[in-house]
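Examination of the molecular architecture
Single-letter residue listing:
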Amino acid sequence: MVIPIFWRKLFKKMKNSEPVNNNNKNQSKSSNSYISSYLKENEESIREAFGNSADLVLRKVKIGANQNINVLIVYIEGLIDNKLMSKTVIKPITTFPDNKLKSPSPNEIHNKLKESQLTVNHLTEVYKLEDILNKILDGYCALIVEGTNKALLCDVIGFEHRPVSEPINESAIRGPHEGFNETIRVNTSLLRRRIKDPRLTIEELTLGKIGNTKIDIIYIRGLANPKVLQEIKNRIKKIKDEVDSIQLSGQLEEYIQDAPFSPFPTILNTERPDRIVGALYEGRYAILVDGTPYNLIVPCTLGMFITSIEDYTQRFFYGSFLRLLRWVSFLIALTLPSIYVAITSFHQEMLPTNLVLALAAQREGVPLPAVAEAFMMEIVFEILREAGIRMPRLVGPAISIVGVLVIGQAAVQAGLVSAAMTIIVGLTAIASFITPIYSIGIAIRLLRFPIIILAGSLGLFGISAGLLAILIHLTSLRSFGVPYFEPFGPIILSDLKDSLIRFPFWAYRTRPKFTTHNSIRQTARLKPKPLRQEEKEIEHNYGDD
Amino acid sequence: MLEHGKISARQLFFILVLIRFVPVMLLCTYSYTLKTVQIAWLNDVLGVALSLLYLYLFVRLCKGFKDKTIIEYLESNLGPVFGKIIGIILVIHFFIIAASDARDMGETFTTTIMPETPIIVFILIIVFLGANAARNGLEVIARISEFTVPIILLFLFITISLNYKFIDVKNLKPFYFPQGFSELVQPTGSILSLYIGEFIIVGMIFPYLNKMQKCSKSVILATLFTGVLFVILCIDMIVIFGPTFKTLSIPILSLAKLIFIANFIERIEGIVILSWVLGSAIKIALFLWATAVGTGQILKLKSYQPLIYPLGALATVNSILNYERAADFINFFTGPWIVYSSTLSISLLIILYIAQALDKQKVKS
């Protein structure tokens, strides 16, 4: 009877595995129950739920006419603001005016505390132990008066966090210098301060069966497309009770993105509140994840990754110039090494004769074929880049000396690589860092290698084929229903105003076509025209002086 | 419906323009049909005018399709047997165009820039890319052509405008009227057969347009636009190359190679190669798509995507086996193709008239 035993084993396994799956949201015996009127019982069940953790504080205070009624105060050390706590919770309790009530019942004390005595800003009444457990983890403090079946939760949240400081990886010359930090409430307040309108909606979800991470979906009602919201919620709901926790926005991105195997990111991540505000005004959605300064924007297009706040803060000529510069460097970063490889190994006739001779002279002693040389140098550069990020700051100069002198100059002098190749690799590297969003730079850097191989084997035909393959992929991508290559893929004339070049603000009549139904942004006649009469009056006034 | 995407009339315009660009940019069979170079533009004008007439009638008939493709429409109105036979002929027609386009591109590469590489490499890669695009559906094909056409147009503009140094108007002379009708037939037929033989694909795209009433406008505009452009290009070639125009296998490449300005702007063949690859891959994608959707509709399949890669493989084999060498390819497109394609398109028009008459009768009864 081999098979039945096998089945039985399998069945046992499945049975065993079930409790693990259902073991979410601290569902021990005590937590689902209601608050007991005996303080001892409550104390024990809370201690048990936390496994008697060191930072859990349970304090008993006696109040009442004869100091005979116990009040249990529960909080977690480090999550609360100590000064605020002693001022608004401990002091009102210890100075409880018991002379007016001769022999107060526990319920009377509870109500008195709730209605007038406690001076905290935010106070709620709960009946379940589970609520207490969840809330004190957020930094609330719980009060239970002996003899009552309810508890008071006081908001005394205050924990150490990084102050709002300048964004580290996305800086701007003239834009605002505020960046997100790791605390979700601070981040939402940064957005609220910029959009002073009740239509700015923040929906909060908690994710994970252990971590209980907070996630806020933010949008402007009336601008954002409700179908996209539904889609976001569906995708998040799928992972809600399955994952252990969501610690990073990158983790959430991988769970909910459209094309899991694409090198291109279909969700934009940013640490700039102004970028998210701009996206919200276009009818997009922001997803904020607690514990990370990088927050997500959906749906997004390729063009958004090439956009920086700088394009809008400077006047539109300069903004357009920057845009064009970035698109050109996007292409350079993607294809320059492969064009060099293709031309030097297949199509020498395409270069002017002098240049061909100079290149040939340089390449004379180089032992490797151009494609291997390019590949090697690109990988060396990637190693240098990675080392530059990971190394301790004190060894920084050492790395740059090794990078510049040993690998650059000495390798050329030793004849291992040609000088032209180092120029090409350097230019490519610089061009790949010009993208304002780091994640699109990664895509370009990864796609560069297959194109180098194609160029080394098939010349310009290979490069064209590689670019076409990327183009096919880009046009078939969608981000939450919005074509990723819009406004170039499907050409949207009104959206082209904010793509390769940037039109002045008064020229944007419409919002992006695919993200919102509320498409009219402003009227057409906003181009500034100084009035002749006013001008003359000003001149006249000056003349008087 | 096998295809779920919808495209706009503007996208149809771009697709059609791209289809017509490809045979002009690649190994050009048209110049081989010319007897006298000086009146090449006249053949252009005649060919375009006749194609306009044909396409006007064809698109008017298309409007009766409603949500059916030409293959479904013929089958529902002419009965399963006769309708299926014509459907199969059409599908084979699309398939031949895809295969010969792949061969055209391969020959172009092997005769010009990479003579040592075997032709199968180019054909294999380009058909694979085309099949990949076709598998993603009509929407993707439309988007790529929308993105590509401006690039190719820019390149054409550069090649036409930057060669001003070499223009010699005397090359247009001696201007004489053709000696009899026969001299006009072959070149005009070459233009006409390419237009009408390939633009039949509108019958497959028609039900997937989001605004069907705009279809005729974009077909006519695409024909006129490409027609005018080719007349300009043709005159440009004549005034630059003179009688040698006839002997050039890829006139556009020769034109691009001439560009030499201020020791700086020169040898822009790189863009030519890019537009060859982009253009022909998208054309192959479109005709493979039409073949797959047509086959799917004849066989009443639920999805056409599984057919794409096998059809691509067949097209690769077909493109190799059909022609032994480049001369065969040129011979086919300067002779048999003209007769075959015009016969097919014109008889299709008559069959569509019959089908429409039957359709109207059905509605009445």
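Small disclaimer: the values here were computed from a predicted structure and weren't measured. (Residues numbered from 1 in each chain as written. Chains lettered and ligands numbered in written order. Predicted model: local features only at pLDDT ≥ 70, side-chain atom pairs only at ≥ 80, totals over all residues. Heavy atoms only, no water.)

Below, the discussion takes up the overall build of chain A. Regarding its fold elements, chain A presents 18 helices and 12 strands. Over its C-alpha trace chain A gives a radius of gyration of 32 Å, far above what one expects of a compact globule, namely 24 Å for 545 residues. Seen through its C-alpha atoms, chain A measures out along the principal axes to roughly 105 × 105 × 50 Å. Nonlocal contacts in chain A, meaning residues at least 24 apart in sequence, comprise 65% of its contacts between residues at least 6 apart. Accessible surface, chain A: about 28,400 Å² in total, of which carbon and sulfur atoms supply 59%. Across chain A, the mean location of the 63 positive side-chain charges is 4 Å away from that of the 54 negative side-chain charges. (Helix = DSSP H or I, 4+ residues; strand = E, 2+ residues; numbered from the N terminus. Rg over C-alpha atoms; globule rule 2.2 N^0.38 Å. Contact = heavy atoms within 4.5 Å. Areas by Shrake-Rupley, 256 points an atom, 1.4 Å probe, with all protein chains shown as cover. Lys, Arg positive; Asp, Glu negative; His and termini not counted. Charge placed at Lys NZ, Arg CZ, Asp CG, Glu CD.)

Looking now at helix α4 (residues 80–111) of chain B. For α4(B), built from 32 residues, the straight-helix expectation of 46 Å at 1.5 Å per residue is met to within 8% by its first-to-last C-alpha distance of 46 Å. Counting buried residues along α4(B), 23 of its 32 residues qualify, which places the element largely inside the surrounding structure. (Expected span 1.5 Å × (residues − 1). Buried < 20%, exposed > 50% of the residue type's maximum accessible area, 1.4 Å probe, protein only.)

The biggest cluster of nonpolar side chains holds 202 residues, and the ones touching the most others in it are A:Phe264, B:Phe58, B:Ile70, B:Leu74 and B:Trp289. Residues from two domains meet in this core; each of domain 2 (184–300) and domain 3 (318–483) of chain A gives at least three. A:Val57, A:Ile109, A:Leu118 and A:Leu152 belong to the second largest nonpolar core, which has 23 residues in total. (Core = buried A, V, L, I, M, F, W, Y, C linked by side-chain atoms within 4.5 Å. Domains from an automatic or database assignment.)

If you look at the interface, chain A gives 28 residues, while chain B gives 32 residues. Interface of chain A and chain B: buried area, both sides summed, is about 2,400 Å²; carbon and sulfur atoms make up 73% of it. Our count for the chain A to chain B interface comes out at 1 salt bridge. Residue composition of the side of chain A that touches chain B, by class: 20 nonpolar, 6 polar and 2 charged. (Buried area = accessible area lost by both parts, 1.4 Å probe. Salt bridge = Lys/Arg side-chain N within 4 Å of Asp/Glu carboxyl O. Nonpolar A, V, L, I, M, F, W, Y, C, P; charged D, E, K, R; others polar.)

This part is about a nonpolar patch on the surface. A grouping of A:Ile389, A:Phe433, A:Tyr438, A:Ile442 and A:Leu446 is seen on the molecular surface, where their side chains present a nonpolar patch of about 470 Å² in accessible area. Classification of A:Ile442 as partly exposed rests on a relative accessible area of 36%. (Patch = residues over 30% accessible without salt bridge, like charges linked within 9 Å, V, L, I, M, F, W, Y side chains within 5 Å.)

The next point concerns the sheet that holds strand β4 (residues 140–145) of chain A. Residue and element names in this part refer to chain A. Strand order in the open sheet made by the 5 strands is β1-β2-β4-β5-β3, with antiparallel pairing throughout. Since the sheet does not close on itself, it has two edges, and those belong to β1 (56–63) and β3 (123–126), each with one partner. Strand-to-strand twist in this sheet, taken as the mean axis angle between neighbours without regard to direction, amounts to 25°. Both β1 and strand β2 (residues 69–76) contribute to a ladder of 8 bridges, which runs antiparallel. Within β2, the residue paired with Lys60 across the bridge is Leu72. Lying over the sheet, helix α2 (residues 39–49) contacts β1, β2 and β4, oriented at roughly 170° with respect to β1. (Pairing = 2+ DSSP bridges. Axes fitted to C-alpha atoms, helices over the stretch in contact; angles between N-to-C directions.)

On to the domain arrangement of chain A. Accessible area lost when the parts come together is the quantity often used to give the size of an interface. Entries for chain A in the domain assignment read domain 1 (39–155), domain 2 (184–300) and domain 3 (318–483). If you average the C-alpha positions of domain 1 of chain A and of domain 3 of chain A, the two centres end up 64 Å apart.

All names here are of chain A. Here we have 5 strands laid out as an open sheet, ordered β6-β7-β9-β10-β8, and antiparallel in their pairing. Whereas interior strands pair on both sides, the edge strands pair on one side only; in this sheet they are β6 (200–207) and β8 (268–270). Ignoring strand direction, the axes of neighbouring strands in this sheet form an average angle of 25°. Sheet analysis places strand β7 (residues 213–220) next to strand β9 (residues 285–289), joined by 4 bridges and oriented antiparallel. For Ile217, the partnering residue across the bridge sits in β9 and is Ile287. The strands touched by helix α6 (residues 184–194) are β6, β7, β9 and β10 (295–298); relative to β7, the strand with the most contacts, the crossing angle is about 10°.

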